[in-house]
Amino acid sequence: MDSQLKKGLLEICVLAALAKQDSYGYQIIKDVSQVIEISESTLYPILKRLEASRDLETYSVEHNSRLRKYYRLTDSGRRHIADFLDDWKSVMAVIDFIKGEVHHD
Amino acid sequence: MVIRNFRKKALIAGLIFVLTGSLIVGAGLAAGGQKALIAGSSKPWYQTIWIEDGKVVVSLDFLNGSLFHISF
Amino acid sequence: MTEKEYLDALNKALKWLPKPEKEICFNYAREMIEDRIENGLPEAEAVAQLESPQQMAKAFLEDRGSLKFKFSLPINSVMTVILLILGFPLWGALLLAGLMILLAGFLLAGCVPFICVVMTVSLLFVALVSVSASPFVMVSVSLIAGVIQLGVGVMALGGLILAALGASLTIPWFKAAVMKTAQFLRSLFFQEVSKW
């Protein structure tokens, strides 16, 4: 997959992994890696960037006598996902067009 | 082994040693140590405190040099 | 590799990062390992699933952005360059004076931990010789002189503990001051450029 495309998709996948409930690093990796390859070193900059753009917020919870960092989706993050899905509708239209044209030949 | 509150304990230990030492010195002086400390040229090298020209000297000479030397 | 070995290697690879940033990266990696262990993986397996510490450090460092020389003067104009060169005796001397004052400050501040270390070592010898030789002084000079020497030795022992304590407190403090100043100086001329 094109790396730029993958980067964009990964970002949305991470946001989507937080849509149902707050989550933590390893859980996000497990969830996202079902559909797309992701490693710790790729997740870290994504989380940092999404936090900087206020698409998610963090808090720490004590868990088995250590602190675990949790990530929570913000309203801005939800809007981000919605925008992506909207955009994707037009991308799908383009793909349908491409497929249609190729099959005509 | 990890000693908890290490710095606090070291501070207390240091102060206790200084205090104990000065008590011993005080006791020695009270028992007429002034005279006993006046040292002639026969002072052995391992004597670290003595009185010379009316001054108390605490010193450790080592290989013709002085590792530590104060006088008052 | 054990968790500790992994984290030590990561720490080493990130040694140039400022402490707070290093802590964030470090905690992130540790959480990833510990969550895996909690999930039932053996420690070695949990560590093996991660990328190598060097790769991880590289990702952290790359994300952080790189340093870029910043120069806010409009150096592109010929006039500025000429003024810079002609004015060198003035600004050069000022810069040198500033650096010298800074250096003097560090030398002065550095004296404190230095003296503490020197005192620790010399008091160690005084204490050793005074205490161990005091019985001989009691015999060969006089009983009271030996007792007084024993007292001096015990005092030196206390003094050495206090001096060592002072050194252990002031050395990190001095180190931190040097690091902070170096970072401040660097921030005058370099700025961080984020990659994203």
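With an unreviewed UniProt entry as reference, chain C is termed DUF1700 domain-containing protein, source organism Holdemania filiformis DSM 12042.

*Asks:* Any chance you could explain the packing of aromatic side chains here in plain terms?
*Replies:* Geometry of an aromatic ring pair is reported as the spacing of the ring centres plus the angle between the planes. In the structure shown here, the tally under the stated rule is eight aromatic pairs over all chains. Consider the rings of A:Tyr24 and A:Tyr70, whose centres lie 5.5 Å apart with planes at 70°: the pair is edge-to-face. Pair noted here: A:Tyr24 is in strand β1 (residues 23–24) and A:Tyr70 is in strand β3 (residues 66–73), with a separation of 46 residues, a long-range link. Plain terms: the ring middles of C:Phe106 and C:Phe174 are 6.3 Å apart, the flat faces sit at 80° to each other, and that makes the pair edge-to-face. Taken together, the residues span a long stretch of sequence, with C:Phe106 in helix α6 (residues 88–140) and C:Phe174 in helix α7 (residues 143–189) at a distance of 68 residues. With a relative accessible area of 22%, C:Phe106 lands in the partly exposed category. Taking the relative accessible area as the measure of exposure, C:Phe174 reaches 21% and is therefore partly exposed. What links up through ring pairs into an aromatic cluster is the set A:Tyr24, A:Tyr59 and A:Tyr70.

*Asks:* Would you explain the pattern of salt bridges in this entry?
*Replies:* Any two side chains of opposite charge can pair, given that their charged atoms come close. A full pass over the atoms with the stated rule returns eleven salt bridges over all chains. Among the ionic pairs, C:Glu38 bridges to A:Arg66, the shortest N-O distance being 3.0 Å. Of this pair, C:Glu38 sits in helix α2 (residues 19–38) while A:Arg66 is found in strand β3, placing the two residues in two different chains. Its relative accessible area of 35% is what places C:Glu38 among the partly exposed residues. For A:Arg66, a relative accessible area of 14% corresponds to the buried category. Through salt bridges that share partners, A:Arg66, A:Arg68, C:Glu34, C:Asp35 and C:Glu38 make up one connected network.

Thresholds, definitions, all that
Each chain carries its own residue numbering, running from 1 in the direction its sequence is written. In the order they appear in the text, chains get letters beginning with A and ligands get numbers beginning with 1. Residue-level local features of this predicted model are given only where pLDDT is at least 70; pairs of side-chain atoms are given and counted only at 80 or more, and the full residue set underlies all totals for whole chains, interfaces and linings. The side-chain quantities take in all heavy atoms of the structure and omit both hydrogens and water. Working definition: rings of Phe, Tyr and Trp (its six-membered ring) pair if their centres are within 6.5 Å, and the pair is stacked with planes under 30 degrees apart, edge-to-face with planes over 60 apart, and tilted otherwise. Numbering of helices and strands runs from the N terminus; a helix is a DSSP stretch of H or I covering at least four residues, while a strand is a stretch of E covering at least two. Relative accessibility decides the category of a residue: with a 1.4 Å probe and only protein chains considered, values under 20% of the type maximum give buried, values over 50% give exposed, and everything between is partly exposed. The term salt bridge refers to a pairing of a side-chain nitrogen on Lys or Arg with a carboxyl oxygen on Asp or Glu at a separation within 4 Å.

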